[in-house]
Amino acid sequence: MEKKRLVVLTGAGMSAESGISTFRDSGGLWEQYNVEDVASIEGWMRNPALVQEFYNLRRKQLITTSPNRGHYGLVALEEHYDVHIITQNVDNLHERAGSSQVMHLHGELMKVRSTRNESRIYELTPDNCEITMESRDEYGDTMRPHIVFFGEAVPMIEPAIECTEKADIFVVIGTSLNVYPAAGLLRFVRRGTPIYLIDPKPVNAPDNLGIRYIAKGASEGVEELTRLLLE
């Protein structure tokens, strides 16, 4: 029998238990950097060296972290469901846990790309994860983080909408639903599709969708979700 499609939208709360800091809890500071200086296209145009420094530090942080029980819980659900993960996170913890179908809306921290040709994307390794304005690819191009900065288009949103429209079950984990266009994905869930929302904090979600709330962090929340789905 064909497995039901379980689509999971994850945000910063998914990785918080792994020790990855989130800028939304920091009053505009992210690892002591102003968000607009390091995470916007204007910041990149103004001071690219600072942006490179910031993402080098974030990669070093990522390398020291590990997936949490929530990540592994979603992998375990692949035994019973066709699990598709749409993540707002730029870390690679879903992949490292073993998830087989992961779509990154906001880019990937362990990748960089040419500043001249955005289709030239390069994967970094834990042993070689620092990029500066002096770094060049094989074509002689400077490189930038493979990140969707604030102020840039989100190229993966259309595939994410298509995936959402086919969901038999839709789950939201650890996102405030304040960042668009990702927050708008709920509008594309088919009428009558079960929706679960896992977050220890209240989330301002539409109240006409029959959302089932699980007021827990990612790890305990995924355990509760699994119990509910498999009952």
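Quick notes on the rules
- Residues numbered from 1 in each chain as written.
- Predicted model: local features only at pLDDT ≥ 70, side-chain atom pairs only at ≥ 80, totals over all residues.
- Heavy atoms only, no water.
- Helix = DSSP H or I, 4+ residues; strand = E, 2+ residues; numbered from the N terminus.
- Contact = heavy atoms within 4.5 Å.
- Buried < 20%, exposed > 50% of the residue type's maximum accessible area, 1.4 Å probe, protein only.
- Pairing = 2+ DSSP bridges.
- Core = buried A, V, L, I, M, F, W, Y, C linked by side-chain atoms within 4.5 Å.
- Axes fitted to C-alpha atoms, helices over the stretch in contact; angles between N-to-C directions.

Caption draft 1: Highlighting the side chain of Thr-164. Position of Thr-164 relative to the elements: it lies in helix α7 (residues 157–165). Not counting residues up to four positions away in its chain, the partners in contact with Thr-164 are Val-7, Ile-86, Phe-170, Leu-185, Phe-188 and Val-189.

Caption draft 2: Summary view of the pairing of strand β8 (residues 143–147). Among the five residues that make up β8, five are buried, leaving the element largely enclosed by the rest of the structure. With four bridges connecting them, strand β6 (residues 107–114) and β8 associate as antiparallel partners. Along β8, the bridge assignment pairs Val-112 with Pro-145.

Caption draft 3: Geometry of the nonpolar core. Ile-86, Leu-105, Phe-170, Leu-177, Leu-185, Leu-186 and Leu-197 are the most contacted members of the largest nonpolar core, which has 25 residues in total. Those elements that provide at least two residues to this core are β1 (5–10), α7, β9 (169–173) and β10 (195–198). Per-element tally for this core: the top contributor is α7, with four residues. Aside from chain neighbours lying at most four places away, what touches Ile-86 is Val-7, Val-8, Leu-9, Thr-10, Met-103, Leu-105, Ala-160, Cys-163, Thr-164 and Leu-185. Formed by 23 residues, the second largest nonpolar core is a distinct cluster that contains Val-38, Val-51, Met-110 and Phe-149.

Caption draft 4: Expanded view of the sheet that holds β1. On the basis of which strands lie adjacent, the open sheet formed by six strands has the order β5-β4-β1-β9-β10-β11 and parallel pairing. Each edge of the open sheet carries a strand with a single partner, namely β5 (102–104) and β11 (212–214). Sheet twist, expressed as the average angle between the axes of neighbouring strands with direction ignored, equals 20 degrees. When strand β4 (residues 82–87) meets β5, the two strands line up parallel, connected through three bridges. When the sheet's bridge partners are listed, Thr-87 is paired in β5 with His-104. Packing of α7 onto the sheet brings it into contact with β1, β4, β5 and β9, and relative to β4 it is tilted by some 145 degrees.

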